[in-house]
Amino acid sequence: MNIKIKSFKDFALLVLKGLAVGIAMLIPGISGGTLSLMLGIYEDTIESVAGIRKHFKDSILFLIPLAIGALLGYLALVKLVSLGLTYIPIPTITLFVGFIIGGLPSICRNVKGAKFNVPNVLCFVIAFVLAAGLGVLSQNLGLSVKIEDVNVWSYILILVGGILAAFALVVPGISGSAVLLALGLYELVVIVSIPNVIKFNFANYLPITLVFALGALIGLLCITKLMKFLLKNHTIPTFFAIIGFIIGSIFSVYYNHEVISKGYYEVLTNNPWQYALMFGMLVIGIVIALLLDKLVNKSDKEKEEVTNEAR
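Reading guide: rules and limits
- Residues numbered from 1 in each chain as written.
- Predicted model: local features only at pLDDT ≥ 70, side-chain atom pairs only at ≥ 80, totals over all residues.
- Heavy atoms only, no water.
- Helix = DSSP H or I, 4+ residues; strand = E, 2+ residues; numbered from the N terminus.
- Buried < 20%, exposed > 50% of the residue type's maximum accessible area, 1.4 Å probe, protein only.
- Polar contact = N/O pair within 3.5 Å; in protein donor to acceptor, adjacent residues only side chain to side chain.
- Contact = heavy atoms within 4.5 Å.
- pLDDT = per-residue confidence, 0-100.
- Expected span 1.5 Å × (residues − 1).
- Bend = angle between axes of the 7 residues up to and from the residue.
- Phe/Tyr/Trp six-rings, centres within 6.5 Å; stacked < 30°, edge-to-face > 60°.

Asks: I keep staring at the side chain of Asn-196 and nothing clicks. Help me out?
Replies: Tracing the chain through its elements places Asn-196 in helix H9 (residues 186–198). Accessibility expressed as a relative area gives 17% for Asn-196, which makes it buried. Only 2.7 Å separates the side chain of Asn-196 from the backbone oxygen of Val-192, close enough to count as a polar contact.

Asks: Would you take a moment to explain the environment of Ser-249 for this structure?
Replies: You can see Ser-249 is positioned in helix H11 (residues 235–254). Spatially, the C-alpha atom of Ser-249 lies 5.1 Å from that of Ala-131, the residues being 118 residues apart in sequence. Those residues in contact with Ser-249 that lie beyond four places of it in its chain are Ile-100 and Ala-131.

Asks: How do you make sense of the confidence of the model for the protein when you look at a structure like this?
Replies: The predicted structure's coordinates, where accompanied by low pLDDT, should not be read in detail. Mean pLDDT over the protein works out to 81, with 86% of the residues at or above the 70 mark. By mean pLDDT, helix H2 (residues 32–38) is the weakest element of the protein at 70, and helix H13 (residues 264–270) is the strongest at 92.

Asks: Honestly, helix H5 (residues 89–108) in this entry has me stumped. Any pointers?
Replies: Each turn of an α-helix holds 3.6 residues, which means side chains three or four residues apart point in the same direction. A rise of 1.5 Å per residue sets the reference length of H5, with its 20 residues, at 28 Å; its end C-alpha atoms lie 29 Å apart and thus fit the reference within 8%. Bending of H5 peaks at approximately 25° at the position of Gly-102, with proline Pro-105 no more than four residues after it. Counting buried positions along H5 yields 17 of 20 residues, so the element is predominantly enclosed.

Asks: Explain the packing of aromatic side chains to me, please; I cannot follow it from the model alone.
Replies: Where two aromatic rings form a pair, the distance of their centres and the angle of their planes describe that pair. In the structure shown here, the tally under the stated rule is four aromatic pairs. Aromatic pair Phe-200 and Phe-202: ring centres 6.1 Å apart, planes at 70°, arrangement edge-to-face. Judged by relative accessible area, which is 68%, Phe-200 ranks as exposed. Between the aromatic rings of Phe-251 and Tyr-255, the centroid separation amounts to 5.6 Å while the plane-to-plane angle is 35°, which identifies the pairing as tilted. With a relative accessible area of 39%, Phe-251 lands in the partly exposed category. Judged by relative accessible area, which is 31%, Tyr-255 ranks as partly exposed.

Put into structure tokens, the structure is as follows:
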């Protein structure tokens, strides 16, 4: 592990980075994995989880402030996102799409100069189809679970959602919340159940949160080891697949059963002014993502210059 917690400053800095990742996990379209990569904590996060038995103390000292920050970031924005999806749903989703588009250049740099050969293109196409297919699948199967309709099959879907959300959290470029949105679980899990459990309102909500957490734990333990292997041994094809997932997720965020069944497009049609708001939200999302990328790149270059001078 590169990051060691040696002082309160290190702890506080990691809490702040966790805060940003927590906000990213809440907002469909922003990848927690991508932001971790941009903030310089991705490899250590992977190593902390995948190698927790190997270096238990260092892993726990790293993960605790990260988890505290992530929880604070989540709590800070959950109500705002809920209001946005209630009154201006499509513009809110478009803001998320702006984040996706604005974050693409930072991911594409990882394949700069790479050949568009059959394996790389195939990885891109398969990932794109899988991501876009999530939305189509959710609509065709009617995947949208409400608190009053939860049954045994719902819990199976929630478990799968937890596993996929953990995959998305670890894989740069894929948004866990976007996956949940495509599966029709975003509002049930992220907006309703988890906040109620945090408020100690356990009735109906605790089982949902626990099943989701179990799925996330299973997914996290599996995918961290896999991603560590793929990024080390098959870097370029892996990033081609990540880019495919990102672009395919744009379709799924707009077209899934939760978005269709809740009448989000009817709200847009009945309020023409929201079309202008959509465009504004798209621009804002793209600009914020690009500025964040520029800020992190500047920080990385400064660190590299300091390292070179030290040598």
